[in-house]
Amino acid sequence: IIVCFFLVIGLFAYFRKDLPNLKDISGDKIGGSIRYYDRTGETLLFEDYDAVKRIPVKDDQINQYVKDATVAVEDKEFFEHSGFDVKGIARAAVNDVAHRGAAQGGSTITQQLVKLNNNWTKDKTITRKIKELILSVELERTYSKKEILTGYLNAAPYGNVQNGVEAATRDYFDKSAKDLTLDEATFLAAIPKAPSIYSPYGPRFNAEALKSRQHYILDVMVSEGMITKKQADEAKKVDILAK
């Protein structure tokens, strides 16, 4: 036990020395939009963005449906773990060994926020995963769960140039994230896993795959007690792509 303890401490110190301090989870490294309004502050004149549309908003400006849908599909144990999911990591490790690579996920919402803030989304090495775990634990000790979830929703990729739930909601549904309905929220929550497939703007968009994933999210939300079966059934009836 003592040897293992010092081994873990040594590994932590070795990998931590080159890592950034996570004092900011605003997602500014990702980029964002500059919006120009008239003198009333109500009429948008134009929007300037460089490859990324992102409009960060506060927690109370994000509808509860999209928060619940995101937790349901991305990280059901989000409010219980301390930054990482042991079962998810073990499952990913077995898969990676079986396929001789580090392609399997297993990331929590906290880990995904670390990846997005450090632009590590394309780096799938074991070394990067260790660094990701270290920063995830530090993130959980620094910020509340609400702040981490808000940070993720303000940075998540929703297809094309849309990053963050507010920019995505405005582009897809011409409204604000606080006004999302259940069918719209689950549509958006389905996209970040694979924007190229689930986003209508994606190069490999698959409408049936999107519909299947959206319905899966609704079913998980029912099983987690977030919504009723009647609410899920009503949301499934909506032709979300037409909407």
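This text goes with the structure placed above it.
Residues numbered from 1 in each chain as written. Predicted model: local features only at pLDDT ≥ 70, side-chain atom pairs only at ≥ 80, totals over all residues. Heavy atoms only, no water.

## Points about the overall build of the chain
For step 1, the next point in the chain: Per the secondary structure count, the chain includes 11 helices and two strands.
For step 2, the next point in the chain: Reading the secondary structure of the chain in the N-to-C direction produces α-β-β-α-α-α-α-α-α-α-α-α-α.
For step 3, the next point in the chain: Among the 243 residues that make up the chain, the fraction classed as buried is 44%.
For step 4, the next point in the chain: A separation of at least 24 residues holds for 61% of the contacts in the chain among residues at least 6 apart in sequence.
For step 5, the next point in the chain: As presented, the chain carries roughly 13500 Å² of accessible surface, and 55% of it is formed by carbon and sulfur atoms. (Helix = DSSP H or I, 4+ residues; strand = E, 2+ residues; numbered from the N terminus. Buried < 20%, exposed > 50% of the residue type's maximum accessible area, 1.4 Å probe, protein only. Contact = heavy atoms within 4.5 Å. Areas by Shrake-Rupley, 256 points an atom, 1.4 Å probe, with all protein chains shown as cover.)

## Quick look at a nonpolar patch on the surface
For step 1, the next point in the chain: Judged by side-chain polarity, I2, F5, F6 and I9 come together as a nonpolar surface patch covering roughly 460 Å² of accessible area.
For step 2, the next point in the chain: Take I9: it is sitting in helix α1 (residues 2-16).
For step 3, the next point in the chain: Judged by its relative accessible area of 44%, I9 is partly exposed. (Patch = residues over 30% accessible without salt bridge, like charges linked within 9 Å, V, L, I, M, F, W, Y side chains within 5 Å. Salt bridge = Lys/Arg side-chain N within 4 Å of Asp/Glu carboxyl O.)

## Some remarks on the packing of helix α2 (residues 64-74) against helix α6 (residues 145-153)
For step 1, the next point in the chain: Orientation of α2 relative to α6, taken along the N-to-C sense of each, is 90°, at an axis distance of 11 Å. On the basis of their axis angle, the class for α2 and α6 is roughly perpendicular. Contacts between α2 and α6 involve K67, T70, V71 and E74 from the former and L149, Y152 and L153 from the latter.
For step 2, the next point in the chain: A breakdown of the residues in the contact of α2 with α6 according to their chemical character gives four nonpolar, one polar and two charged. (Axes fitted to C-alpha atoms, helices over the stretch in contact; angles between N-to-C directions. Parallel < 35°, antiparallel > 145°, perpendicular 65-115°, else oblique. Nonpolar A, V, L, I, M, F, W, Y, C, P; charged D, E, K, R; others polar.)

## Things to note about the packing of aromatic side chains
For step 1, the next point in the chain: The final tally for this structure, using the stated rule, is five aromatic pairs.
For step 2, the next point in the chain: A centroid spacing of 4.9 Å and a plane angle of 75° characterise the contact between F78 and F79, whose relative ring orientation is edge-to-face.
For step 3, the next point in the chain: Here the aromatic residues Y172, F173, F187 and Y201 are joined through ring pairs into a cluster of three or more.
For step 4, the next point in the chain: Over the ring of F78 we find K145; its NZ or CZ atom is 4.6 Å from the centre of that ring. (Phe/Tyr/Trp six-rings, centres within 6.5 Å; stacked < 30°, edge-to-face > 60°. Lys NZ or Arg CZ within 6 Å of the ring centre and 35° of its normal.)

## Some points on the environment of E234
For step 1, the next point in the chain: Relative to the assigned elements, E234 resides in helix α11 (residues 229-237).
For step 2, the next point in the chain: Here the alpha-carbon distance between E234 and L182, two residues 52 residues apart in the chain, equals 9.2 Å.

## Brief notes about the pattern of salt bridges
For step 1, the next point in the chain: Within this structure, the stated rule accounts for 13 salt bridges.
For step 2, the next point in the chain: Salt bridges linked by common partners bring K175, D183, E184 and K243 together as one network.

## Remarks on unusual backbone geometry
For step 1, the next point in the chain: Positioned with a positive phi, N160 is a non-glycine residue whose angle comes to about 55°.
For step 2, the next point in the chain: Assignment of secondary structure puts N160 in the loop between α6 and α7 (165-173).
For step 3, the next point in the chain: Of note, D174 is a non-glycine position whose phi angle comes to about 55°, a positive value.
For step 4, the next point in the chain: With respect to the helices, strands and loops of the structure, D174 is situated in the loop between α7 and α8 (182-190).

## Notes on the nonpolar core
For step 1, the next point in the chain: The biggest cluster of nonpolar side chains holds 50 residues, and the ones touching the most others in it are Y158, V165, Y172, F187 and L188.
For step 2, the next point in the chain: Listing elements by their share of this core, those giving two or more residues are α2, α4 (109-118), α5 (126-142), α6, α7, α8, α10 (207-223) and α11.
For step 3, the next point in the chain: Among the elements that make up this core, the one with the highest residue count is α8 (six residues).
For step 4, the next point in the chain: Other than its neighbours up to four places away in sequence, Y158 contacts L153, G164, V165, A168, Y172, L188, I191, P192 and S199. (Core = buried A, V, L, I, M, F, W, Y, C linked by side-chain atoms within 4.5 Å.)

## Re the side chain of E140
For step 1, the next point in the chain: With respect to the element layout, E140 can be found in helix α5.
For step 2, the next point in the chain: Excluding residues within four positions of it along the chain, E140 makes contact with H81, S82, G83, T110, K145 and I148.

## Quick notes on α8
Note on helix geometry: an α-helix contains 3.6 residues per turn, so any two residues three or four positions apart are oriented the same way.
For step 1, the next point in the chain: With nine of nine residues buried, α8 is to be regarded as a mostly interior element.
For step 2, the next point in the chain: Of all the positions in α8, only L182, D183, E184, A185, T186, F187, L188, A189 and A190 are classed as buried.
For step 3, the next point in the chain: Packed against the buried residues of α8 are α2, α7, α9 (195-198), α10 and α11.

## With respect to the side chain of N63
For step 1, the next point in the chain: Checked against the element boundaries, N63 lands in the loop between β2 (44-49) and α2.
For step 2, the next point in the chain: The class of N63 is buried, set by a relative accessible area of 15%.
For step 3, the next point in the chain: A polar atom in the side chain of N63 sits 2.7 Å from the backbone nitrogen of Y65.
For step 4, the next point in the chain: With residues up to four places along the chain from it excluded, the contact list for N63 reads A177, K178 and L180. (Polar contact = N/O pair within 3.5 Å; in protein donor to acceptor, adjacent residues only side chain to side chain.)

Read these as layout, nothing more, since geometry by itself doesn't imply function.
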